[in-house]
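Examination of the molecular architecture
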Amino acid sequence: MSRNKIVLAGAGQIGGTLAHLAMLHRLGDVTLLDVAANPPKGKALDLSHAAAIEGSDAVLRGTADQADIVGADVVIVTAGVPRRPGVDREALLGINLPVMESIGTAIGRYCPDAFVICITNPLDAMVWALRRFSGLPPERVVGMGGVLDSARLRSFLAEALGVSVTEVQAMTLGGHGDDMVPLVRQATVGGVALPDLVKMGWITQQAIDAIVQRTRNGGAEVVNLMGSSSAYYAPASAAIAMAMSYLGDQKRVFPASAALSGQYGVDGLHVGVPVMIGSGGIEKIIELDFDDEERRQFARSVAAVASLVEDCKRLHLGLA
Ligand code: APR
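Just so you know, these numbers come straight off a predicted model, no measurement behind them.

Moving on, we get to the packing of helix α3 (residues 93-110) against helix α4 (residues 123-134). The interhelical angle for the contact between α3 and α4, taken along N-to-C directions, is 35°, at an axis separation of 7 Å. Where α3 crosses over α4, the two elements pack in a sense that is right-handed. Contact residues: α3 offers Leu93, Asn96, Leu97, Met100, Glu101, Ile103, Gly104, Thr105, Ile107 and Gly108, while α4 offers Ala125, Met126, Ala129, Leu130, Phe133 and Ser134. Tallied by class, the residues present in the contact of α3 with α4 amount to ten nonpolar, five polar and one charged.

If you look at the biggest cluster of nonpolar residues, it comprises 86 residues, and the most contacted ones within it are Val75, Ile76, Ile107 and Phe298. Aside from chain neighbours lying at most four places away, what touches Ile107 is Ile69, Val75, Val77, Pro112, Val116, Leu130, Ser134 and Leu136. Counting residues in each nonpolar core, the second largest holds 15 residues, with Leu161, Ala170, Leu194 and Val212 among its members.

Turning our attention to the layout of surface pockets. Here the largest pocket is characterised by a volume of approximately 690 Å³. Taken together, 38 residues line the largest pocket, and the ones lying closest to its centre are Thr78, Ala79, Gly80, Val81 and Pro82. Looking at the lining of the largest pocket, the elements with two or more residues in it are α1 (13-24), α3, α5 (146-161) and α8 (218-226). At four residues, the largest contribution of residues to the lining of the largest pocket is made by α3. Looking at the lining of the largest pocket residue by residue, the classes come out as 17 nonpolar, 16 polar and five charged. Within this model, the second largest pocket holds a volume of roughly 440 Å³. Every residue lining the second largest pocket is counted, 20 residues in all, and those nearest its centre are Arg154, Gln169, Ala170, Val253 and Pro255. Listing elements by their share of the lining of the second largest pocket, those giving two or more residues are α5, β7 (168-173), β8 (181-189), α9 (233-247) and β10 (252-261).

Residue Asn121 is joined to Pro122 through a cis peptide bond whose omega torsion reads -5°. One can find Pro122 in the loop between β5 (115-118) and α4. For Asp249, which is not glycine, the phi dihedral falls at a positive 50°. In this structure, Asp249 sits in the loop between α9 and β10. Residue Asp249 is classed as partly exposed on the basis of its relative accessible area, which comes to 34%. Not every positive phi belongs to a glycine, and Lys251 is a case in point at roughly 60°. By relative accessible area, which is 36% here, Lys251 ends up partly exposed.

Calculation rules
Residues numbered from 1 in each chain as written. Predicted model: local features only at pLDDT ≥ 70, side-chain atom pairs only at ≥ 80, totals over all residues. Heavy atoms only, no water. Axes fitted to C-alpha atoms, helices over the stretch in contact; angles between N-to-C directions. Helix = DSSP H or I, 4+ residues; strand = E, 2+ residues; numbered from the N terminus. Left-handed = near helix turned anticlockwise from the far one by under 90°. Contact = heavy atoms within 4.5 Å. Nonpolar A, V, L, I, M, F, W, Y, C, P; charged D, E, K, R; others polar. Core = buried A, V, L, I, M, F, W, Y, C linked by side-chain atoms within 4.5 Å. Buried < 20%, exposed > 50% of the residue type's maximum accessible area, 1.4 Å probe, protein only. 1 Å grid on protein atoms, 1.4 Å probe; cavity = no way out; pocket = protein on both sides within 12 Å on 5 of 7 lines; lining within 4 Å. Points joined across faces, edges and corners; volume = space filled by probe spheres on them.

Structure, rendered in structure tokens:
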């Protein structure tokens, strides 16, 4: 059986971390693609030395030639410019849209059977554009945003409750932006619903409200502390978990940005919803029963995504 080919389009902070994790988890051989050849070649060389220590036979390559992505099984896209202090995801749109055109076109040409995970921001608009430029079917192109936002929510809840994070299940849906929808009503700790834990006095509603706000602001909090880069460890871990579910047909459920065709009353946009990922790509989209407040918040988040997609169409007439 041949080894999987993992292409990382963008060999910056997240791309390098993805390559390290892919090697450690033995996902297959790794190709790092960037605009300049030497930095990805340098990272690949360094990582191949790390592989010798880790006992991994992964072959790692760096390249600036898009033709080298041919036959990829999984493509994870981080190509583009990240957030900086004071620059929100939306401001990145005009810069990163042409990058999605370049990478998306290359995917359609060289590896149309790949499963594609987009990380580039503004996430929901970029994954939408990437899919359009690639021409791939909706079930094979997904955006990584919700897994990261949910990890932040789970981490903050675990810390506040003093429990293992493995016991905390919680999802953040909608767009990967300031209007994201952290779902606290459906969150569970060891199978017990979070609202019940409030009744039991484990945590106050005010503490939960503060955690929701901190989750919404999670990316900016990291950017402000780091100064010159945005988050990269957690985004990389999230995308690797999704890639593993695809490659291993694990059928795990993730909150992820999927192409909707009527689900949640949304058509023609990518928005964060619970999806099941297996060897068929996105094999199922799960439709939750929202209450009125959740529905209102989700609609507001979808409207923000829709407006970014309109910006994409305005900037690139081929997308209209
Ligand atoms: N093709 C390939 N690589 C590209 C292209 C392109 N057309 N344009 C830019 N790149 C590369 C850059 O050269 C850089 O090495 O993408 C890489 C991005 O890396 P970083 O600047 O380190 O950014 P990173 O922190 O990895 O974040 C990447 O993910 O979370 C999002 O907001 C973040 O959009 C950003 C993306």
